[in-house]
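Spelled out, the chains give:
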Amino acid sequence: MKANVIIKNGKAEEVFKIIELPKPSLKEDEVLVKVHYTSVNPLDCRIRTIPNSRRTFPVTLGFDLYGEIIEAGNEVEDLLAGDKIIASPNPFFAGANAEYISVKANMCLKVADLDPKIGAAIPLVGITAYEALFDKLKIGKNDSILIHAGAGGVGHIAIQLAKNKGCRVITTASKPESIHFCRETLKADYVINYKTEDFVDSINQLTNQQGIGFILDTVGGDTFIESLTCLKAGGHICTILPVYFDELVGYNNLLKSQTISYEYMGISGLSGRHKTILNELVAQIVQNKLLPHIYKEFQFDEIAQAHDEIEKGHTIGKIIVKVDE
């Protein structure tokens, strides 16, 4: 089978190569899937650029999947050859930048009439946003939440999910088209232009200097540290990126009884949690309450260009990749 792999860590234009690989072997609790669409996420770019001794080259990225089951393992009872499925493959195994992939059956959701492009856009960002909001932050109706980078992959799904829950949503963006998207399409209650406004000052003004109760950080770095200063005492911040802070920041956080959570959707994959979440997300899509935004579509031999597009940092929604001919 053909796979568009990385042969080393480095710049996108230097490390991708289309090669022939054996079709994946099938374990008894797995399904073999012909890949129709996948997508590119910032996670792909981090794996491509950051060396990890647990990975051996060539590495097949692509951690979103819409495809058709070709064969099911002997222990698989609820999926059959011919079924269309969506899934987010385990990031520590081969991804969907290939003609075929084997996936644990309990990570796959059977879908009937779902648009393949939407199917490839929703799994990783949808599961991440859902777990961050409802498993970690545990937001509820009438809560106020700051969601950073609202036009991004995770951000634009998180805004919709939080609004559907009845929350007041404040988000950050900078480009005019991103601000317009967050305000007019996603219906965020307030959009902070972080290039022209200090988001900490804005949050404090919007909350009468009390700080906000919930924050979803999709940016990391200094944004995470600054977010702690506008998180109210007893508040909860969840980040989807590894973050670092010194003991003084940690001490202030402790004095304010603020909770810090880290969301990594790969942890819950094998438990069957993904299927439950994907089922809820698809239900909201069918009801027109949730819509992943497709920013651009690339072809199988253009995955390096898709990585370049992600790394520009101005993507609105998701970038998808058509794999099959």
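The model shown is predicted, which means the values in this text are computed figures rather than measured ones. (Residues numbered from 1 in each chain as written. Predicted model: local features only at pLDDT ≥ 70, side-chain atom pairs only at ≥ 80, totals over all residues. Heavy atoms only, no water.)

Enquirer: What exactly am I supposed to notice about the overall build of the chain here?
Expert: Regarding its fold elements, the chain presents 11 helices and 15 strands. Its C-alpha atoms give the chain a radius of gyration of 20 Å, near enough to 20 Å, the size a compact globule of 325 residues would have. If one aligns the C-alpha atoms of the chain with their principal axes, the spans along those axes are about 60 × 40 × 35 Å. The proportion of buried residues among the 325 residues of the chain is 55%. Approximately 14,700 Å² of the chain is accessible, and the part contributed by carbon and sulfur atoms is 50%. (Helix = DSSP H or I, 4+ residues; strand = E, 2+ residues; numbered from the N terminus. Rg over C-alpha atoms; globule rule 2.2 N^0.38 Å. Buried < 20%, exposed > 50% of the residue type's maximum accessible area, 1.4 Å probe, protein only. Areas by Shrake-Rupley, 256 points an atom, 1.4 Å probe, with all protein chains shown as cover.)

Enquirer: It is not clear to me how unusual backbone geometry should be interpreted in this structure. Could you clarify?
Expert: Peptide bonds are mostly trans, and most non-glycine residues show a negative phi. Phe-57 connects to Pro-58 through a cis peptide bond whose omega is 0°. Tracing the sequence through the fold places Pro-58 in the loop between α2 (42-49) and β4 (65-72). Phi at Lys-138 is positive, roughly 55°, even though this residue is not glycine. Locating Lys-138 in the fold gives a position in the loop between α4 (123-136) and β8 (144-147).

Enquirer: Help me understand the pattern of salt bridges in this model?
Expert: Two side chains of opposite charge can pair, provided their charged atoms sit close to one another. One pass over the structure, following the stated rule, counts 15 salt bridges. For Lys-296, the salt bridge is made with Glu-309, and the minimal N-O distance between the two is 3.2 Å. Here the residue Lys-296 occupies a position in strand β14 (residues 294-299), and Glu-309 occupies one in helix α11 (residues 303-311), the gap between them amounting to 13 residues. The class for Lys-296 is partly exposed, based on a relative accessible area of 34%. (Salt bridge = Lys/Arg side-chain N within 4 Å of Asp/Glu carboxyl O.)

Enquirer: Would you mind showing me how to read the environment of Leu-216 here?
Expert: Checked against the element boundaries, Leu-216 lands in strand β11 (residues 212-217). Residues contacting Leu-216, with those up to four places away along its chain left out, are Ala-132, Leu-133, Leu-137, Ile-145, Leu-146, Ile-147, His-148, Ala-158, Cys-238 and Ile-240. (Contact = heavy atoms within 4.5 Å.)

Enquirer: I would appreciate a short explanation of the pairing of β4 in the present structure.
Expert: As a general feature of sheets, a regular strand has side chains that alternate between the two faces. Here six bridges tie strand β3 (residues 30-40) to β4, and the two strands are oriented antiparallel to one another. Across the sheet, residue Tyr-37 finds its bridge partner in β4, namely Tyr-66. Two strands pair when backbone bridges link them, and β4 and strand β5 (residues 84-87) are joined in this way by four bridges, in the antiparallel orientation. Along β5, the bridge assignment pairs Leu-65 with Ala-87. (Pairing = 2+ DSSP bridges.)

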